Amino acid sequence: MAASSPAAALPAAVIDASRRAERDARADKLFRGLLAAAGIFVLVTLIGIALSMLWGGREALAQFGIGFFFSAEWDPVNQKFGALIPIYGTLVSALIAMLIAVPVSFGIALFLTEIAPNWLRGPVASAIELLAGIPSIIYGMWGLFVFVPLVGEHVAPWLNDHLGSWPLIGPLFTGPPLGIGMLTAGFVLAIMVIPFISSVMREVFLTVPTRLKESAYALGSTKWEVVWDIVLPYTRTAVVGGVFLGFGRALGETMAVAYLVGNSVKFTPSLLEPSTTIAALIANDFNESTGLHRSSLLLLGFVLFVVTFIVLAAARLMLLRLSRKEGNA
Amino acid sequence: MNSAVIPAPDAGKAAVERRLYFRRTVVNRLALVLGCAAALFGLVFLFWILWTTLSYGLKGVNLDLFTKMTPAPMSAGGLLNAFFGSAVICLIAIVIGSLLGVAAGTWLAEYAGNKRIGTVTRFINDILISAPSIVIGLFVAIVIVMQFKQYSALAGAIALALLVIPVVVRTTDEMLRLVPGQMREAALSLGVPQWKVTMQVLYRAALPGIVTGILLALARITGETAPLLFTAFGNQYWSTDLLKPMASVPVVMYQFVGSPYESWQTLAWAGALVLTVFVLLLSLLARAILLRNKTSHD
């Protein structure tokens, strides 16, 4: 009798344990399924974004065909739409931004990795990163209230007088002193993307093995020679990746540009006259648009998404290459 | 004797070397000065923008700002409905986005990390982090707003949630992969099922990092304007209905700052100041959490 109670309890405990194991296995499966669903959701979102805009733009695509991308006409009254002007504006303003942002970001990365004394590096790096935290609409407001009058009163007239008569680039810098236009938008975009590019550059510069740099110093190299001949070649692909990352940001930036670019869908060679970008055009027109107009805007959104996707994917691939090299070393 | 024979060529060589050395020094100096100038350039614009926001914004900061509704043109008012709207939309967005983001990040770190689908998802997620937010707004506008023919706060929250997800996925993924493998093995060897290991061991270890990611995501979406334009739209009045248009601070700023009315512009700048202070405090807080955690481990 005394022996039978543990004997009876044992199978119960075993059954209990195996039941619990079963329950745990079921819970594990469910948990895993939920997580996987969330992961797949991320993947599907991207495809969904692209497809939804293509679907929304089908009307415009059917109406204008491939000519949509090569037509410079954007006329909501006569229902004629072409993407050339906003595409041109997007590319040019982003390129202006890169022309300013890349050398400045390189200088900042140089300052933060080689020049500044150690106690200064942390605070300055944090301050530059704060620039990335400021909402983009505030860049737009600052540009509109502070920077536009400055350009209109001082910079644009100066450019008109000094560069306006030059051959080839002259037409770029002639225009009324309004202060708005691609140059202003590009400059403010540059300030916005500097923190992104400089932080990538700084991080990859820090991955260069110290013994490589010290070998160069031991041979008598100057700081500049170490950076130019050792650090940059070692990190080249990643630096280009960081530049592309900034370019992708500049292409899609909306709120800062919407105030500053002038929102005129007419072609002008001048960087000082009102123009537009894809993002600014969508932000301004979408809510009031209907039918073919809206469909054309969605197709423009699709173009923007595809272009930024390609640029950002290239950036990621280049950044991955350096980290792979790091991993193997 | 020897030294008397060689000097002529040696002096020439030395002169060449001196010139070369001089040039290298000058180039080096120039590069260092330009580097300092670049850093200064960045700092100047940071302080200039902050100063502008502060000086324009302080004019509009008073009790009315937080207690009155957005006014009609030319009249006084505040941003109460916009603050409320922003809070509601961002709160819903951060809850949806964090849940999905942490789940997907855990899936990447614990289950799919080294498989092809994991690599692809991680890559896509990294692109989504930098994707133009206006495109996300268009996506939600097509999928939700245009289907129901109604702007709504909920659609705005979903658009912002889509911006939260990639940020949280990345930090969760990174932080979980930093948790030492021994902790997983120790827990698993005690017979703890994997979901319990994840919930009670891994999340506890990675919590500060995950919270940092969520705070950074919140800082990012509070200032976002473009995705809300076509989704939550805007509302001049007090509204608590999630299925109706709702005001939000950035959208009100966008409408007001471009207007010719001075009272509207003052309100826009006051909103900008509150927004900037909130966002910068959030990112400082996030950094502090991460830093404290890092030092306590050392």
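Residues numbered from 1 in each chain as written. Chains lettered and ligands numbered in written order. Predicted model: local features only at pLDDT ≥ 70, side-chain atom pairs only at ≥ 80, totals over all residues.

Check the secondary structure of chain A and you find 11 helices and 2 strands. What you see in chain A, going N to C, is helices and strands ordered as α-α-β-β-α-α-α-α-α-α-α-α-α. Against the 2.2 N^0.38 benchmark of 20 Å for 329 residues, chain A shows a C-alpha radius of gyration of 28 Å, more extended than a compact globule. Taken along the three principal axes of its C-alpha coordinates, chain A extends 110 × 70 × 35 Å. Per-residue burial over chain A gives 47% buried out of 329 residues. Long-range pairs, those at least 24 residues apart, make up 76% of the contacts in chain A with a sequence separation of at least 6. (Helix = DSSP H or I, 4+ residues; strand = E, 2+ residues; numbered from the N terminus. Rg over C-alpha atoms; globule rule 2.2 N^0.38 Å. Buried ≥ 20, exposed ≤ 12 C-beta atoms within 10 Å, placed from the backbone. Contact = placed C-beta atoms within 7 Å.)

Of regular secondary structure, chain B possesses 12 helices and 0 strands. Of the regular secondary structure in chain B, the N- to C-terminal order runs α-α-α-α-α-α-α-α-α-α-α-α. For chain B, the spread of C-alpha atoms along the principal axes amounts to about 100 × 70 × 40 Å. Expressed as a percentage of the 298 residues in chain B, the buried residues total 47%. Here the analysis covers contacts within chain B between residues at least 6 apart in sequence; of these, 76% occur between residues at least 24 apart.

This brings us to the nonpolar core. Grouped together as the largest cluster of nonpolar side chains are 192 residues, with contacts concentrated most on Leu189 of chain A together with Val164 of chain B. When neighbours within four sequence positions are excluded, valine 164 of chain B is seen to be in contact with Ala93, Ile94, Gly97, Ser98, Gly101, Ala217 and Ile221 of chain B. (Core = buried A, V, L, I, M, F, W, Y, C linked by C-beta atoms within 7 Å.)

As a further point, take the interface of chain A and chain B. Tallying the contact residues gives 67 residues for chain A and 69 residues for chain B. Per-element tally for the side of chain A that touches chain B: the top contributor is helix H1 (residues 4-56) of chain A, with 20 residues.

Our focus in this paragraph is the confidence of the model for chain B. For chain B, the mean per-residue pLDDT works out to 90, and 95% of the residues sit at or above 70. As scored by the predictor, the complex reaches a pTM of 0.90 and an ipTM of 0.89. (pLDDT = per-residue confidence, 0-100.)

Now for unusual backbone geometry. Phi is positive for asparagine 263 of chain A, which is not a glycine, with a value near 55°. The class for asparagine 263 of chain A is partly exposed, based on 19 C-beta atoms found within 10 Å. Positive phi values are uncommon outside glycine, yet phenylalanine 233 of chain B reaches one of about 60°. Mapped onto the secondary structure, phenylalanine 233 of chain B falls in the loop between helix H10 (226-229) and helix H11 (249-257). Its 22 C-beta neighbours within 10 Å are what place phenylalanine 233 of chain B among the buried residues.

What follows covers helix H10 (residues 278-285) of chain A. Among the 8 residues in H10 of chain A, 6 count as buried, and that is most of the element. What H10 of chain A keeps buried is the set Ile278, Ala279, Ala280, Leu281, Ile282 and Ala283 of chain A.

Residues and elements named next belong to chain A. Direction vectors running N to C along helix H3 (residues 84-115) and helix H8 (residues 223-252) enclose 140°, while the axes themselves pass 10 Å from each other. As for the relative orientation of H3 and H8, their crossing is right-handed in sense. Seen from H3, the contacting residues are Thr90, Ala94, Ala97, Met98, Ala101, Val102, Leu110 and Glu114; seen from H8, they are Lys223, Val227, Val243, Gly246, Phe247, Ala250 and Leu251. Considered class by class, the residues forming the contact of H3 with H8 number 11 nonpolar, 2 polar and 2 charged. (Axes fitted to C-alpha atoms, helices over the stretch in contact; angles between N-to-C directions. Left-handed = near helix turned anticlockwise from the far one by under 90°. Nonpolar A, V, L, I, M, F, W, Y, C, P; charged D, E, K, R; others polar.)

Here isoleucine 191 of chain A shows up in helix H6 (residues 182-205). Between the alpha carbons of isoleucine 191 of chain A and methionine 98 of chain A there is a distance of 9.9 Å; along the sequence they are 93 residues apart. Filtering out sequence-adjacent residues up to four positions away, isoleucine 191 of chain A remains in contact with Leu131 and Tyr139 of chain A together with Phe45 of chain B.

The terminal C-alpha atoms of helix H9 (residues 194-222) of chain B, which comprises 29 residues, lie only 36 Å apart, well short of the 42 Å expected from a rise of 1.5 Å per residue. At leucine 207 of chain B, H9 of chain B is deflected by roughly 65°, the largest bend along its length, and proline proline 208 of chain B occurs up to four residues later in sequence. (Expected span 1.5 Å × (residues − 1). Bend = angle between axes of the 7 residues up to and from the residue.)

Attention shifts here to the environment of tryptophan 264 of chain B. Residues and elements named next belong to chain B. Locating tryptophan 264 in the fold gives a position in helix H12 (residues 262-297). A tally of 23 C-beta atoms within 10 Å means that tryptophan 264 is categorised as buried. For the pair tryptophan 264 and phenylalanine 148, spaced 116 residues apart in sequence, the C-alpha to C-alpha distance is 32 Å.

Locating isoleucine 169 of chain A in the fold gives a position in the loop between helix H5 (136-162) and H6. Placed 101 residues apart in sequence, isoleucine 169 of chain A and serine 270 of chain A show a C-alpha to C-alpha distance of 9.4 Å.

All names here are of chain B. It is at 10 Å that the axes of helix H4 (residues 80-112) and H9 come closest, and there the two elements cross at 140°. One element, H4, and the other, H9, form an angle in the oblique class. H9 is crossed by H4, and the crossing has right-handed handedness. Contacts between H4 and H9 involve Ser86, Cys90, Ala93, Ile94, Gly97, Ser98, Val102, Thr106 and Glu110 from the first element and Thr198, Ile210, Ile214, Ala217, Leu218, Ile221 and Thr222 from the second. Here the contact of H4 with H9 is composed, by residue class, of 9 nonpolar, 6 polar and 1 charged. (Parallel < 35°, antiparallel > 145°, perpendicular 65-115°, else oblique.)

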